[in-house]
Amino acid sequence: MKAFLFDLTGTLYDIDSDLEAHRQVAHWLIARYELDVTPASLHQTANRLIATYVKRLTKGEYLTGRQLMESLWRRLCTVFKLPANGLDDFIEKTREFHRRYAREVKGATELLKELKAMGFSLGLVSQIDSELMDVIVKELGFDELMDVICSAEEVGKARPDPAVIAYAVEKLGCSFEETVMVGDDIVCDVTPAKSLGLTTILLAPQGTVGAVKADYRIDTLADVSEYAKGLGEDV
């Protein structure tokens, strides 16, 4: 093996910090526009729209980050009577709160440094748009440790389509068989990676199930380090 490819959200970037950023956006909207709603209600409305978008992804559709934010803002304007010209502020605040609340999954930086020291190439892929991904990755310092960083926006297709994974592996200069995919999602990480021939590691709690089984299942990122140490002679 020559390279490790990581998913971002839920694998290296803590999902709870992402949710907190969204909650803070909801609080900001309520205060900014004096809305007579609870943050939870506003958050639920946004989540319903995002869930609809996720279903569209599985059918091969794709929206850029800007298109998704425009679609979400139009919906919020309709439901809560917000001004149409507030989109840019909404986007900027969304980025600001993601930067402010970004936290890594425990042990992420330590693991990446260990893998680099072992001689592995490192790549990062994500469903989120390039600009927001850039905000999060730089805040957490992952940009200084990764050889390749790719968002689905770059290829115009989101996982479970394997395009962004294939693109990242190509940029790493490795074959699929020389690359390990580490992620926390059966559908978006394991399935597309296995379809290309990558070795797959699923970061997941006990009891996780899926139609496609990962080659390895781990409880913490520290387990990736132990796995990599067994590959030392192949680097």
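Calculation criteria
- Residues numbered from 1 in each chain as written.
- Predicted model: local features only at pLDDT ≥ 70, side-chain atom pairs only at ≥ 80, totals over all residues.
- Heavy atoms only, no water.
- Salt bridge = Lys/Arg side-chain N within 4 Å of Asp/Glu carboxyl O.
- Helix = DSSP H or I, 4+ residues; strand = E, 2+ residues; numbered from the N terminus.
- Buried < 20%, exposed > 50% of the residue type's maximum accessible area, 1.4 Å probe, protein only.
- Arc of directions from axis to C-beta.
- Pairing = 2+ DSSP bridges.
- Axes fitted to C-alpha atoms, helices over the stretch in contact; angles between N-to-C directions.
- Contact = heavy atoms within 4.5 Å.
- Core = buried A, V, L, I, M, F, W, Y, C linked by side-chain atoms within 4.5 Å.

Q: Can you tell me about the pattern of salt bridges, naming the residues and giving the values?
A: Inspection of every chain in the model, using the stated rule, returns 14 salt bridges. For Glu131, the salt bridge is made with Arg95, and the minimal N-O distance between the two is 2.1 Å. Of this pair, Glu131 sits in helix H6 (residues 130-140) while Arg95 sits in helix H4 (residues 87-101), placing them 36 residues apart in sequence. The class for Glu131 is partly exposed, based on a relative accessible area of 46%. Taking the shortest distance from any N to any O, the salt bridge between Asp147 and Lys116 comes out at 3.0 Å.

Q: Can you tell me about helix H8 (residues 163-172), naming the residues and giving the values?
A: Of the positions making up H8, those classed as buried are Val164, Ile165, Ala168, Val169 and Leu172. All buried residues of H8 lie within an arc of 135° about the axis, which places them on one face of the element.

Q: Quick one: what's the story with the sheet that holds strand E5 (residues 199-203), residue by residue and with numbers?
A: Strand-to-strand pairing in sheets goes through backbone hydrogen bonds, with the strands running parallel or antiparallel. Strand order in this open sheet of six strands is E3-E2-E1-E4-E5-E6, and the pairing throughout is parallel. Edge positions in the open sheet fall to strand E3 (148-151) and strand E6 (216-218), since each of these has one partner strand only. Strand after strand, the sheet turns through a mean of 20° between neighbouring axes, direction not considered. The sheet contact formed by strand E1 (residues 3-7) and strand E2 (residues 121-126) spans five bridges and is parallel. Looking at E2, one finds that Phe6 is bridged to Leu124. Contacts from helix H5 (residues 108-118) reach E1 and E2, with the element oriented near 160° to E1. Its contacts with the sheet put helix H9 (residues 186-196) on E1, strand E4 (179-183) and E5, and the angle it makes with E5 is roughly 165°.

Q: So, the nonpolar core: which residues are in play, and what are the values?
A: One finds Phe4, Phe6, Leu12 and Leu115 to be the most contacted residues of the largest nonpolar core, which totals 32 residues. Mapped onto this core, the elements with two or more residues apiece are E1, H5, E2, H6, E4, E5 and helix H10 (222-229). Among the elements that take part in this core, H6 stands out by supplying five residues, more than any other. Sequence-distant contacts of Leu12, defined by excluding residues within four places in its chain, comprise Phe6, Asp7, Arg103, Glu104, Val105, Ala108, Leu112, Leu124, Phe142, Met146 and Leu221. Membership of the second largest hydrophobic core comes to 22 residues, among which are Trp28, Tyr33, Leu72 and Cys77.

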